[in-house]
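What follows is the residue order along each chain.
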Amino acid sequence: MNSVANSREVLPIIRSMKDADIDSVAALEQVIFPDPWPRAAFVEQLKDDMWGALVAEADGEIVGYACYLLVHNESHLTNIGVAPGWRRKSVACKLLERILGIVTEHGCDILLLEVRPSNDSARAFYAKHGFRELYRRPNYYRRPVEDALVLVRYLEPTQNES
Ligand SMILES: CC(C)(COP(=O)(O)OP(=O)(O)OC[C@H]1O[C@@H](n2cnc3c(N)ncnc32)[C@H](O)[C@@H]1OP(=O)(O)O)[C@@H](O)C(=O)NCCC(=O)NCCS
């Protein structure tokens, strides 16, 4: 880890994911998740207008990423991950803020997501950002099998976190 990664908060560049980022993102996904998305999932979503994907770049490397889906007035945070050495530095916060701005501009009034009940760090992150539990979806995840908690954040039409 370098000197920037050692500081409490970093100022990553948040930008759209490009085809050229997919190898790095897919490699990070393998490190982060026990049931990672295949590389093809990132390739497919970059071709689809309903999907969006962002990366966080610091010191020329991708340190985090997040994906979302737009469905009429609903939006879904489908993936978010930060490289282990870059956590607790507001990287995910900056990705989420950008997505909240984008989906609000698209006229969405809710942002939904699923999280494993055992994922304490992600649940703490979502609670900090105003997500509330809607319901539990049994046996949603594989490797390992686990329920999903479906969380929601209600959006104000003019809202834009900063
Ligand atoms: C969840 C995740 C994306 C958070 O990324 P991050 O960049 O570390 O998050 P941020 O620094 O923006 O936010 C930190 C806040 O989230 C919460 N949080 C994050 N990790 C936490 C942990 N291990 N324990 C307690 N709270 C935690 C806290 O509220 C924290 O605020 P604080 O540092 O002021 O206490 C990251 O831990 C991660 O990549 N986890 C693995 C992938 C994953 O689970 N993704 C979500 C799938 S649903």
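Structural data are supplied above this passage.
Everything numeric here is computed off the predicted structure, so don't read it as measured data.

**Student:** Can you help me understand the layout of surface pockets in this one?
**Tutor:** Any empty space left between the atoms is revealed when a probe the size of a water molecule rolls over them. Its boundaries defined by the atoms lining it, the largest pocket holds a volume of some 1,300 Å³. Along its surface, the largest pocket is lined by 41 residues, and Phe33, Ile80, Asn119, Ala122 and Tyr126 are the ones closest to its centre. Looking at the lining of the largest pocket, the elements with two or more residues in it are α2 (22-32), β4 (74-82), α4 (91-105), β5 (110-115), α5 (120-128) and β6 (132-141). Taken together, the residues that form the lining of the largest pocket break down as 22 nonpolar, 8 polar and 11 charged.

**Student:** What is the right way to look at the site of the ligand in this model?
**Tutor:** Near the ligand lie 22 residues; those nearest to it are Ile80, Arg88, Ser90, Cys93 and Asn119. Interatomic distance of 2.8 Å between a backbone N/O atom of arginine 88 and an oxygen atom of the ligand. With the chains in place, 79% of the 920 Å² that the ligand exposes on its own is no longer accessible. Judged by the fraction of its atoms near the pocket grid, the ligand is located in the largest pocket. At the level of elements, β4, α4, β5 and α5 are the ones that each hand at least two residues to the shell around the ligand. The dominant element in the shell around the ligand, judged by the number of residues it contributes, is α5, at 6 residues. Residues that form the shell around the ligand fall into these classes: 12 nonpolar, 4 polar and 6 charged.

**Student:** Could you clarify how one ought to interpret the sheet that holds β4 in this entry?
**Tutor:** In any sheet, the strands associate via hydrogen bonds between backbone groups, in a parallel or an antiparallel arrangement. Pairing within the open sheet is mixed, and its 7 strands lie in the order β1-β2-β3-β4-β5-β7-β6. With one partner strand each, in any of the chains shown, β1 (13-16) and β6 form the two edges of the open sheet. Pairwise comparison of adjacent strand axes, ignoring direction, gives a mean angle of 25° for this sheet. Packed on one face of the sheet, α2 meets β2 (51-58), β3 (61-71) and β4 and runs near 90° to β3.

**Student:** For this particular structure, what's the right way to read a nonpolar patch on the surface?
**Tutor:** Together, Leu134, Tyr135 and Tyr154 make up an exposed nonpolar region whose accessible area comes to about 340 Å². Of note, tyrosine 154 is situated in strand β7 (residues 146-154).

**Student:** Any chance you could explain α2 here in plain terms?
**Tutor:** When we look at burial in α2, the residues that qualify are Ile22, Val25, Ala26, Leu28, Glu29 and Ile32. Along the long axis of α2, the arc covered by the buried residues comes to 160°, so they all point the same way. Away from its buried face, by an angle of more than 90 degrees, α2 presents the exposed residues Asp23, Gln30 and Val31. Tucked inside the fold, the buried residues of α2 contact α3 (39-47), β2, β3 and β4.

Cut-offs applied
- Residues numbered from 1 in each chain as written.
- Predicted model: local features only at pLDDT ≥ 70, side-chain atom pairs only at ≥ 80, totals over all residues.
- Heavy atoms only, no water.
- 1 Å grid on protein atoms, 1.4 Å probe; cavity = no way out; pocket = protein on both sides within 12 Å on 5 of 7 lines; lining within 4 Å.
- Points joined across faces, edges and corners; volume = space filled by probe spheres on them.
- Helix = DSSP H or I, 4+ residues; strand = E, 2+ residues; numbered from the N terminus.
- Nonpolar A, V, L, I, M, F, W, Y, C, P; charged D, E, K, R; others polar.
- Near = heavy atom within 4 Å.
- Polar contact = N/O pair within 3.5 Å; in protein donor to acceptor, adjacent residues only side chain to side chain.
- Areas by Shrake-Rupley, 256 points an atom, 1.4 Å probe, with all protein chains shown as cover.
- Sits in = over half its atoms within 2 Å of the grid points.
- Pairing = 2+ DSSP bridges.
- Axes fitted to C-alpha atoms, helices over the stretch in contact; angles between N-to-C directions.
- Contact = heavy atoms within 4.5 Å.
- Patch = residues over 30% accessible without salt bridge, like charges linked within 9 Å, V, L, I, M, F, W, Y side chains within 5 Å.
- Salt bridge = Lys/Arg side-chain N within 4 Å of Asp/Glu carboxyl O.
- Buried < 20%, exposed > 50% of the residue type's maximum accessible area, 1.4 Å probe, protein only.
- Arc of directions from axis to C-beta.

Function cannot be read off these values alone, since they describe shape.
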